[in-house]
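Topology and contacts: notes
Spelled out, the chains give:
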Amino acid sequence: TINFGRPANRLRFRYLDVGGQPRGGFDPDLPREAFYLGGFDQEVTEWHISACHVHDVYLPFQIVGGTDITVERTWLGPSWSKEAIRGQGVAARLTIRDNVFKDACQGTPGDPTATGCTAQIAAWDGGGAGAFDGTRVWGNLFWMTQPTAHSDACVFIGGDGGVSAAGVSASDVVIHHNTFVGIVAGT
C-alpha cells in the first residue's frame, strides 16, 4: 500500500507492481488499498500514476482529498471492493485514461454491505462546490469476466445532494472513447 501520512504533492509513480500475491481469487488477507491519496483534513495535488499493475487488493485507489491526479496506462484488477477508483471529500480534476479495468470492481465476498459494484470509477461523497469538477475519463477498457452487477454505473462522478447520492454535483466532466465489455447489469 502506498499511503503518505502528510501532504505530498507533485509525486510520480511509474512501472510499479502494487498489490497482494496473485492467488486467482479473493483472499481476506489482501491489502486494503493500493494507493490512498490525501485525507479528510489534507489534500494532495499533482500525483501521476503511470504504467503500473495494481491487483489483488480490496480497493486499488482511494482519493480522499486529491486534485490534479492522473492515472494512465495502468492495469487494475482483479480487486474486491465496490469501486476501483473511489473519490470522496475532494476528488477534482482527475484524468483517468488508457487503463484496463479487468474485474477491478467485484464487491467483497462475505460483506453484505459490499456486494457488487457501485461503479468502476466513483467520485461523489462529500465536498463543497467544485469538489468533483473537471474530471476526464477516456480510452479505458472496462472488462468484466465475472457476473457482477453495477448498482449505479461504470463511471459515476458527482452527487445529487443526498437524494440518491451524497455530495455535490460535478461540472465540466468529460467521458468519451471508453470500451465496456461484460457488464451484466447496472444503470
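Preceding block: the structure.
If you're wondering where the values come from, they're calculated on a predicted model, not measured in any experiment. (Residues numbered from 1 in each chain as written. Predicted model: local features only at pLDDT ≥ 70, side-chain atom pairs only at ≥ 80, totals over all residues. Heavy atoms only, no water.)

**Quick look at the nonpolar core**
- Counting residues in each nonpolar core, the largest one holds 31 residues, and the members touching the most others are Phe35, Leu37, Ile49, Phe61, Ile85, Phe101 and Ile121.
- For this core, the leading source of residues is strand β4 (residues 33-38), giving three residues.
- Each residue touching Ile49, except ones within four places of it in the same chain, is listed here: Phe13, Phe35, Phe61, Thr70, Val71, Glu72 and Thr74.
- By size, the runner-up hydrophobic cluster in this structure holds six residues, among which are Ala119, Trp124, Ala153 and Ala165. (Core = buried A, V, L, I, M, F, W, Y, C linked by side-chain atoms within 4.5 Å. Buried < 20%, exposed > 50% of the residue type's maximum accessible area, 1.4 Å probe, protein only. Helix = DSSP H or I, 4+ residues; strand = E, 2+ residues; numbered from the N terminus. Contact = heavy atoms within 4.5 Å.)

**Describing the state of the cysteines**
- On inspection of all chains with the given rule, the structure shows one disulfide.
- The partner cysteine of Cys105 in its disulfide is Cys117, sulfur to sulfur 2.1 Å. Residue Cys105 is located in the loop between β13 (100-102) and β14 (121-125), and its partner Cys117 is located in the loop between β13 and β14; the two are separated by 12 residues in the primary sequence. Considered together, Cys105 and Cys117 belong to a single accessibility category, that of buried residues.
- For Cys52, which is in no disulfide, the shortest distance to another cysteine sulfur is to Cys105 and amounts to 20 Å.
- Taking relative accessible area as the criterion, Cys52 reaches 5% and is therefore assigned buried.
- Between Cys154, a cysteine without a disulfide, and Cys117, which holds the nearest cysteine sulfur, the sulfur-to-sulfur distance is 8.0 Å. (Disulfide = S-S within 2.5 Å.)

**Regarding the environment of Phe13**
- Mapped onto the elements, Phe13 comes out in strand β2 (residues 12-14).
- Judged by relative accessible area, which is 14%, Phe13 ranks as buried.
- Remark: the alpha-carbon pair of Phe13 and Asp29, spanning 16 residues in sequence, is separated by 25 Å.

**A word on the sheet that holds strand β3 (residues 17-19)**
- An order of β3-β7-β10-β13-β16-β20 is seen for the six strands of this open sheet, with the pairing classed as parallel. One side of each edge strand has no neighbouring strand; the edge strands of this open sheet are β3 and β20 (179-181).
- In terms of strand pairing, β13 meets strand β16 (residues 141-143) through three bridges, oriented parallel. Looking at the pairing, Lys102 lines up with Trp143 of β16. (Pairing = 2+ DSSP bridges.)

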